[in-house]
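Here is how the chains run, residue by residue.
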Amino acid sequence: MGQRNVHSVLFENLTKDTLYSVVVSDTNTSKVLRVSNYKTLPGRDAQELRLAMGGDVGLTVNGSRISSSLAPFNPDVLIIGGDIAYDDAMRTCWYSWDNFYWIFE
């Protein structure tokens, strides 16, 4: 069975429409484990909000191409339905999400 370490953090008082870099590191070794970027949503006075919706793209070559094609569009919000949106309560399905997120790196 797969093993997964899941942690959660609450970020408060973030500035709208701002790119943040989140660094996850091992406190024992100071080794950086992961760096991810996160951009906050535009404020209520924004002229537009880019939204992309999709589902059932899977982790196939064609599915990855479809997902990767969103990069130039640069959506503010991405809504995913279908196979990647659930894991049938199987603890070992974490790899599906990891593979999906790696498409956007």
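Here the structure is shown first, and the text comes after it.
The structure presented is a predicted model; accordingly, all values stated were derived computationally and were not measured. (Residues numbered from 1 in each chain as written. Predicted model: local features only at pLDDT ≥ 70, side-chain atom pairs only at ≥ 80, totals over all residues. Heavy atoms only, no water.)

Which parts of the structure should I look at to understand the environment of Leu-41?
Assignment of secondary structure puts Leu-41 in the loop between strand S2 (32-39) and strand S3 (51-55). Residue class for Leu-41 comes out partly exposed when judged on its relative accessible area of 42%. A C-alpha to C-alpha distance of 8.9 Å links Leu-41 and Thr-15, two positions 26 residues apart in sequence. Beyond its immediate sequence surroundings of up to four residues, Leu-41 is in contact with Lys-16, Asp-17, Leu-49, Asp-76 and Val-77. (Helix = DSSP H or I, 4+ residues; strand = E, 2+ residues; numbered from the N terminus. Buried < 20%, exposed > 50% of the residue type's maximum accessible area, 1.4 Å probe, protein only. Contact = heavy atoms within 4.5 Å.)

What's the story with the pattern of salt bridges in this structure? I'm lost.
Pairs can form between side chains of opposite charge whenever their charged atoms are close. For the structure shown, the criterion picks out 4 salt bridges. Between Glu-48 and Arg-50 there is a salt bridge, with the nearest N and O atoms lying 2.9 Å from each other. The class of Glu-48 is partly exposed, set by a relative accessible area of 49%. Looking at Arg-50, the relative accessible area reads 22%, which means it is partly exposed. By sharing partners, the salt bridges in this structure join Glu-48, Arg-50 and Asp-76 into a single network. (Salt bridge = Lys/Arg side-chain N within 4 Å of Asp/Glu carboxyl O.)

Got a minute to help me understand a nonpolar patch on the surface in this structure?
A surface patch of nonpolar side chains, amounting to about 420 Å² of accessible area, comprises Val-9, Phe-11, Leu-14 and Tyr-38. As for its position among the elements, Leu-14 is in the segment before strand S1 (19-25). Note on Leu-14: relative accessible area 36%, which makes it partly exposed. (Patch = residues over 30% accessible without salt bridge, like charges linked within 9 Å, V, L, I, M, F, W, Y side chains within 5 Å. Areas by Shrake-Rupley, 256 points an atom, 1.4 Å probe, with all protein chains shown as cover.)

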